[in-house]
Amino acid sequence: MVSIYPTRGFVEAKTVNEAWQAWFDRFREQADEGFTNPSRDGDVVAECLNAVTVIEDPTRNIITSADRKMPMRYAVGELLWYLSGSNRLEDIAKFSKVWERMSDDGITVNSAYGHRIFEEFGFDQFKYVEEALTANPFSRQAVIHIKDAVDYTVNPTKDVPCTIALQYFIRKDKLHATTYMRSNDLWTGFPYDVFCFTCFQILLAFKLGVDIGTYTHVAGSLHLYKRSLDEWKEKHIPQPGAGGVGGGPNSSPYTPGVGGNGSPIESVGGGGFTPIYK
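These figures come from a predicted structure and were not determined experimentally.

J.: Just to check I follow, could you spell out the pairing of strand β8 (residues 211–225) for this structure?
T.: Successive side chains on a regular strand alternate, one facing one side of the sheet and the next facing the other. Across the 15 residues of β8, 11 count as buried, placing the element largely inside the fold. Of the strand pairs in this sheet, strand β3 (residues 44–55) and β8 are connected by 10 bridges, and their pairing is antiparallel. In the strand pairing of β8, Ala51 is matched with Ala219. As defined by bridge partners, strand β6 (residues 174–181) adjoins β8 across 7 bridges and the pair is classed as parallel. The partner of Leu175 across the bridge, within β8, is Ile212. Pairing between strand β7 (residues 184–185) and β8: 2 bridges, direction parallel. Across the sheet, Asp185 pairs through a bridge with His223, a residue of β8.

What follows is the structure, encoded as structure tokens:
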């Protein structure tokens, strides 16, 4: 199920790959219509506010699209970094040097989710939610807080956590998970965030001895940067003088109005996307 408007959106899919493809196809259409919005980290060419994604089977959490294949070395490295509880830059920099420009002191990473889950607030939040749901399977208090209440005008940082909180529910012997994010980049954030947070959900379900329910991902702003779309275009749109489509045999050609699976992109929200910023 797909229902997307500029100020609200809902995608429900069996797998993470199907959900990501639905968002990317709609965002590509929005970019074609001329959406643009400046941001501190570069121009945004597509955005949906209050974007909700529901994954029916969180075990199918790897993006395999020809449009955006996930580098699994980084995905696994980031997951292990989180599980270690480390906030050391040198640990995650083994998998991506991007983090070096995000560190405030060149030693630690402010947003390190694993450190915030296991260490930052003086207790193990993952253990807390496990114990809370063991004591009361119907609890609505199994929440892991990631973003703290900080006045960033007084205490500025290059790396404000994008994730606000994780919440878990047991209903009919299934563990359901909900992630709340203030901001999420569809290209470089969503694939890895959903991979890691569904892994946390699966791990917790195993510990609790219950089945795995749905995973819901809520983003205040889900968006796509121009640089990411440009990267995609270089691989999928023929360049003048080039013999065919770039990106190799697994790439899919681009036709405006056609999704990554070859099906037409349906107009949604009363005639497609209407830019909410000019």
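Moving on from the model shown.
J.: I keep staring at helix α7 (residues 226–236) and nothing clicks. Help me out?
T.: What sets the pattern is the α-helix's 3.6 residues per turn: residues three or four places apart point alike. Within α7, burial applies to Ser228, Leu229, Trp232 and His236. One side of α7 holds all its buried residues, which, seen down the axis, span an arc of 95 degrees. Those residues of α7 that are buried lie in contact with α1 (16–32), β3 and β8.

J.: Just to check I follow, could you spell out the layout of surface pockets for this structure?
T.: Remark: the empty space left among the atoms is shown by a probe the size of a water molecule rolled over them. What the largest pocket holds in volume is close to 1,300 Å³. For the lining of the largest pocket, the elements supplying multiple residues, two or more each, are β3, α2 (72–84), β7, α6 (190–208), β8 and α7. Here the lining of the largest pocket gets 6 residues from one element, more than from any other, and that element is α7. Taken together, the residues that form the lining of the largest pocket break down as 18 nonpolar, 15 polar and 16 charged.

J.: Please clarify how the pairing of strand β2 (residues 8–13) should be interpreted in this entry.
T.: Across the two faces of β2 the burial differs, with Gly9, Val11 and Ala13 buried and Arg8, Phe10 and Glu12 not buried at all. Considered for its hand, the β-α-β crossover made up of β2, α1 and β3 is right-handed.

J.: Explanation requested: the side chain of Thr198 in the structure shown.
T.: Relative to the assigned elements, Thr198 resides in helix α6. The class of Thr198 is buried, set by a relative accessible area of 0%. A distance of 2.7 Å separates a polar atom in the side chain of Thr198 from the backbone oxygen of Val194. In this structure, Thr198 is in contact with Pro58, Asn61 and Tyr215, ignoring residues within four places of it in sequence.

J.: Which parts of the structure should I look at to understand empty space enclosed by the protein?
T.: Enumeration according to the criterion identifies 1 cavity of 30 Å³ or more in this entry. Considering only enclosed or pocket space, the largest cavity measures out at about 30 Å³ in volume. Along the walls of the largest cavity sit Leu166, Gln167, Tyr168, Ala177, Thr178, Thr179, Phe197 and Tyr215, which together make up its complete lining. Across the lining of the largest cavity, the residue classes break down as 5 nonpolar, 3 polar and no charged.

J.: Is there a simple way to explain the nonpolar core in this structure?
T.: Grouped burial of nonpolar side chains is what soluble globular proteins tend to show. Ranked by size, the top nonpolar core spans 66 residues in total, and within it Trp23, Tyr168, Leu175 and Phe200 carry the most contacts. In terms of residue count, α6 provides more of this core than any other element does, 12 residues in total. Residue contacts for Trp23: discarding those within four places in its chain leaves Ile4, Gly9, Phe10, Val11, Cys48, Ala51, Val52, Thr53, Leu186 and Leu222.

J.: Can you walk me through the pattern of salt bridges in this structure?
T.: Side chains that carry opposite charge are capable of pairing whenever their charged atoms lie near each other. Enumeration over the complete set of coordinates arrives at 6 salt bridges. Across the salt bridge formed by Arg60 and Asp57, the nearest N and O atoms sit 3.1 Å from each other. You can call Arg60 partly exposed: its relative accessible area is 48%. Glu100 is paired through a salt bridge with Lys97; the nearest N and O atoms lie 3.9 Å apart. For Glu100, a relative accessible area of 43% corresponds to the partly exposed category.

The rules behind each value
- Residues numbered from 1 in each chain as written.
- Predicted model: local features only at pLDDT ≥ 70, side-chain atom pairs only at ≥ 80, totals over all residues.
- Heavy atoms only, no water.
- Buried < 20%, exposed > 50% of the residue type's maximum accessible area, 1.4 Å probe, protein only.
- Helix = DSSP H or I, 4+ residues; strand = E, 2+ residues; numbered from the N terminus.
- Pairing = 2+ DSSP bridges.
- Arc of directions from axis to C-beta.
- Contact = heavy atoms within 4.5 Å.
- 1 Å grid on protein atoms, 1.4 Å probe; cavity = no way out; pocket = protein on both sides within 12 Å on 5 of 7 lines; lining within 4 Å.
- Points joined across faces, edges and corners; volume = space filled by probe spheres on them.
- Nonpolar A, V, L, I, M, F, W, Y, C, P; charged D, E, K, R; others polar.
- Right-handed = clockwise from strand over helix to strand, strands pointing away.
- Polar contact = N/O pair within 3.5 Å; in protein donor to acceptor, adjacent residues only side chain to side chain.
- Core = buried A, V, L, I, M, F, W, Y, C linked by side-chain atoms within 4.5 Å.
- Salt bridge = Lys/Arg side-chain N within 4 Å of Asp/Glu carboxyl O.

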